[in-house]
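Structural features, examined
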Amino acid sequence: MYDVIVVGGGVTGAASAALLAREGLRVLVCDRTRLPAPAVSTHFFGPTTLSFLDRLGVLDEVLATGAPPLRRWHLEVEGGYYGAPMLPRSPYHYNLCVRRETLSGVLLRAASRHGAEIRERSPVRSLRRDGDQVIGIEGAGWSEKARIVVGADGRGSPTARQAGAATTFDAGAMRCTFHAYWEDVVPLPSPALELWHDGGHVLQVGPCDGGRWVVMLSAPKGEYAAIRGDEGYERLLRSIPAMADRLRAARRVSPVYASKSLRNFHREPAGPGWRLAGDAYCHKDPLFGAGITDACAAAETLAATVPLAVDGDTPQARESYATTLDERVGRKVRAGLAGLRIDPPEPGQLAWIRGVLAHPGLALEMTRRCSELFAGLPEDRRDFWQRVADGASEVLGLPPAASVDPS
């Protein structure tokens, strides 16, 4: 009998297993594939995740993978450029870009050190039940019992389906995503987290572990067929002049990983004897760049609530997990999707963007003093400029904007 069985050995499952095993629980991790495994996802993470990895005791091991600290922003928007140091908002004022299989491997080793059992190539066929209560899992010719089963098995989660977890929010798919690994990309003078916006396409670019670079392309979902495949992906990248220059001597050293149906949704996260975490609970487009941070948040929430449920999974224990997870993950996703659009800028907008990128001090002044600058405007114009100021703060890494309306 295990205290907890975690289905899925990716970042969410491995981090959860490490924390739960560190709490003294008997933990089993099962995954249908060989571990660690790659994933179509964002690769960047910042201070919140770095702090988590430090508390878990694995930050030095992650840094030893060779992923360079990214202490600068590099933003390219329709031919305009902005670059600046990241602000020291915490002791970890940098980002890292790490392949998912590398990060999962570090976390799985941590879970093993804390006593978790790792069982790869062991697909789970069904959940074991005693009435409404989930009491374990079954595979081909084997079964195991547990007091709590955690589904950390991705957006298509068989655990969620078999548990009967209801979808409680669904905004559908907006984008398709492609990424591949490269060598010999022309580097910037200093390593940076690079974001590129070009004609409705968004690129996330950065040096990662193992001396490689990741180039992730996000496009409107209607363009999937045109881009799909190695040639379409590379053709689009090389159609952007500045990107073509960066790739002039580069070699792609991996397949192009592609995904078309990246729905933005979340499910009911808890029921009698079961929990969902990571993408199994809440999946969002990799463009959000929040997958790894949300995986760590779910792991911490499990570690704070599951030990209390091991001796008896009460409705209160399930409600505690669900409420905390919604506060830390679900609510942010719903807010981020509200009114989200990624369209090529209109001529007037493009002129403004280029002006701000040419004079970043203007953006800083706007975010610091927008209550003074715009308080006398009509309400609809105040709302518009508040969104502009908030967007400038987020994209350029500036302090949060002041409120347009001082009241």
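To keep things clear, this report deals only with the structure shown in the data block. Source: prediction; values computed, not measured.

Attention now moves to the packing of aromatic side chains. Considering all chains together, one arrives at three aromatic pairs under this definition. Residues Phe178 and Tyr224 carry aromatic rings whose centres are separated by 5.6 Å and whose planes lie at 20 degrees to one another, so their mutual orientation is stacked. Note that Phe178 is positioned in strand E12 (residues 175-183) and Tyr224 in helix H6 (residues 224-227), a separation of 46 residues in sequence. In this structure, Phe178 and Tyr224 share a single accessibility class: buried. With a centroid separation of 6.3 Å and 35 degrees between ring planes, the pair formed by Trp182 and Tyr233 is classed as tilted.

On inspection of all chains with the given rule, the structure shows 22 salt bridges. Asp3 is the partner of Arg147 in a salt bridge, and the nearest nitrogen-oxygen pair spans 3.1 Å. With Arg147 in strand E10 (residues 143-151) and Asp3 in strand E1 (residues 2-7), the pair connects residues that are 144 residues apart, well separated along the chain. Asp3 sits in the buried class, given a relative accessible area of 14%. Linked through salt bridges whose partners overlap, the residues forming this network are Asp230, Glu234, Arg238 and Arg252.

Attention now goes to the side chain of Thr301. Structurally, the position occupied by Thr301 is in helix H9 (residues 291-309). Residue Thr301 is classed as buried on the basis of its relative accessible area of 2%. From its side chain, Thr301 meets the backbone oxygen of Ala297 in a polar contact 2.7 Å long. Beyond its immediate sequence surroundings of up to four residues, Thr301 is in contact with Tyr321, Thr324, Leu325 and Arg328.

Calculation notes
- Residues numbered from 1 in each chain as written.
- Predicted model: local features only at pLDDT ≥ 70, side-chain atom pairs only at ≥ 80, totals over all residues.
- Heavy atoms only, no water.
- Phe/Tyr/Trp six-rings, centres within 6.5 Å; stacked < 30°, edge-to-face > 60°.
- Helix = DSSP H or I, 4+ residues; strand = E, 2+ residues; numbered from the N terminus.
- Buried < 20%, exposed > 50% of the residue type's maximum accessible area, 1.4 Å probe, protein only.
- Salt bridge = Lys/Arg side-chain N within 4 Å of Asp/Glu carboxyl O.
- Polar contact = N/O pair within 3.5 Å; in protein donor to acceptor, adjacent residues only side chain to side chain.
- Contact = heavy atoms within 4.5 Å.

In short, shape yes, function no, at least from these values alone.
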